[in-house]
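Descriptive structure summary
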Amino acid sequence: MTRVRKGELALRYVLLLAVLALTVGPFLWQLSTSLKGPTEDIYSSPPSFLPRHPTLHNYERVADTIPVWDYAFNSLKVATANVVTNCVGSALAGYALARLRYRGRRAATLAFVLAMLVPVEGIIIAQFTTMRDLGLNNTLIGVVLPGCIGAMNVLLMRNAFLNLPYEIDEAAYVDGANVWQRFLRIALPSVKGTVAVVAIFAFMGAWDDFLWPLIVLSDPSKFTLTIGLNYLHGTFANDERLVAAGTVIAVAPLIALFAGLQRYFFRGVGEGAVKG
């Protein structure tokens, strides 16, 4: 191992702190704003980061202004369904692309790669007309269905399965294991980290999605949290404390999810690395 010079090490730490400030700083500022009471000046100069009298009254006001917990429950249902469908579907498709032998496998892999190049805005009208023809407009199923299996998640699972030694499959085949047994008992337990990565990406994508639920939903009782908070901001744009409290409510589940799955996430990044 090479020894890093002190100046270079100090520069690395400065850059890391700068990145940390840019990524975490806005959230901490929103958290601070949400805890400030109505008598505190949030635009003071120099800015006061720590609230003098912390209060949770702003969160109570959010719940009184919009049915935030109903919106959050709708988002949770959509995100949970998206996680289940992506984990199951991506694992099955990734295993088929990586371990099974059949004609057209490379073409199928290329189709998933090309699907990642198509912008969402280019197909959103086709998605809307499809949901309308199926009678799924203004339903949470219509929100989940277009993103139930992501192309990137399939490729992540494919690359993870490709990294497994083929000798394991051959030994299981000699012992009489069929395809489903090799998939469920050997391959899938070996890529749990990548499954966690897919779960995190699927949950974040569904929880943060704004454009598609806004298009497909029209009943306020079925709104997801992102749409509900947009109405909050549009009505109370001058009350930054209220908007900050709503933002923290929306971000908190994502932080809790990542905190619970972070060790699997970093392990999964290595499992699903693209092979050269």
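None of these values were measured; they are calculated from a predicted model. (Residues numbered from 1 in each chain as written. Predicted model: local features only at pLDDT ≥ 70, side-chain atom pairs only at ≥ 80, totals over all residues. Heavy atoms only, no water.)

1. Let's talk about helix H5 (residues 120-133)
Taking 1.5 Å of rise per residue, 14 residues should cover 20 Å, and H5 covers 20 Å from first to last C-alpha, within 8% of that figure. Residues of H5 that are buried sit in contact with helix H6 (140-144) and helix H11 (211-216). Directly beyond the C-terminal end of H5, a positive phi value near 75 degrees is found at Gly135. (Helix = DSSP H or I, 4+ residues; strand = E, 2+ residues; numbered from the N terminus. Expected span 1.5 Å × (residues − 1). Contact = heavy atoms within 4.5 Å.)

2. A short note on helix H9 (residues 179-190)
With 12 residues, H9 ought to run about 16 Å at 1.5 Å a step, and its terminal C-alpha atoms sit 16 Å apart, in line with that. Buried residues of H9: Arg182, Phe183 and Ala187, and no others. The buried side chains of H9 occupy one side of the element, clustering within an arc of 95 degrees when seen end-on. Turned more than 90 degrees away from the buried face of H9, the exposed residues are Trp180 and Arg185. Its buried side turned inward, H9 meets helix H3 (68-99), helix H7 (151-162) and helix H8 (166-174). (Buried < 20%, exposed > 50% of the residue type's maximum accessible area, 1.4 Å probe, protein only. Arc of directions from axis to C-beta.)

3. Re the confidence of the model for the protein
Atom-level detail of predicted coordinates should not be read off regions where pLDDT is low. When the pLDDT values of the protein are averaged, the result is 85; 92% of them are 70 or greater. For residues 272-276, every residue scores under 50 in pLDDT, and the model assigns this stretch 9 contacts once sequence neighbours within four places are set aside. (pLDDT = per-residue confidence, 0-100.)

4. Observations regarding the layout of surface pockets
Within this model, the largest pocket holds a volume of roughly 830 Å³. Elements that contribute at least two residues to the lining of the largest pocket include exactly H3, helix H4 (105-117), H5, H6, H7, helix H10 (192-208) and H11. Here the residues of the lining of the largest pocket are counted per class, giving 20 nonpolar, 8 polar and 1 charged. (1 Å grid on protein atoms, 1.4 Å probe; cavity = no way out; pocket = protein on both sides within 12 Å on 5 of 7 lines; lining within 4 Å. Points joined across faces, edges and corners; volume = space filled by probe spheres on them. Nonpolar A, V, L, I, M, F, W, Y, C, P; charged D, E, K, R; others polar.)

5. Section: the packing of H3 against H7
The N-to-C vectors of H3 and H7 enclose an angle of 50 degrees; their axes lie 7 Å apart at closest approach. In terms of orientation, H3 lies oblique with respect to H7. H3 and H7 meet at a crossing whose hand is right-handed. Residue-level contacts link Asn86, Ser90, Ala91, Ala93, Gly94, Tyr95, Leu97, Ala98 and Arg99 of H3 to Asn153, Val154, Met157, Arg158, Phe161 and Leu162 of H7. Class assignment of the residues belonging to the contact of H3 with H7 gives a composition of 9 nonpolar, 4 polar and 2 charged. (Axes fitted to C-alpha atoms, helices over the stretch in contact; angles between N-to-C directions. Parallel < 35°, antiparallel > 145°, perpendicular 65-115°, else oblique. Left-handed = near helix turned anticlockwise from the far one by under 90°.)

6. Brief notes about the packing of aromatic side chains
All chains considered together, the criterion is met by 6 aromatic pairs. Each ring, one from Trp180 and one from Phe183, has its centre 6.3 Å from the other, and the planes form 80 degrees; the classification is edge-to-face. Of the two residues, Trp180 and Phe183 both sit in helix H9, 3 residues apart, roughly one turn of that helix. Residue class for Phe183 comes out buried when judged on its relative accessible area of 5%. By the ring-pair criterion, three or more aromatic residues cluster together here, those being Tyr95, Phe161, Trp180 and Phe183. Sitting over the face of the ring of Tyr166, Arg99 holds its NZ or CZ atom 4.2 Å from the ring centroid. (Phe/Tyr/Trp six-rings, centres within 6.5 Å; stacked < 30°, edge-to-face > 60°. Lys NZ or Arg CZ within 6 Å of the ring centre and 35° of its normal.)

7. Description of the pattern of salt bridges
A side chain with one charge can pair with a side chain of the opposite charge if their charged atoms come near. Counted under the stated rule, the structure contains 3 salt bridges. One salt bridge connects Glu8 with Arg12, and the closest N-O pair in it is separated by 3.0 Å. With Glu8 and Arg12 both in helix H1 (residues 6-34) and 4 residues apart, this pair spans about one turn of that helix. Accessibility expressed as a relative area gives 42% for Arg12, which makes it partly exposed. (Salt bridge = Lys/Arg side-chain N within 4 Å of Asp/Glu carboxyl O.)

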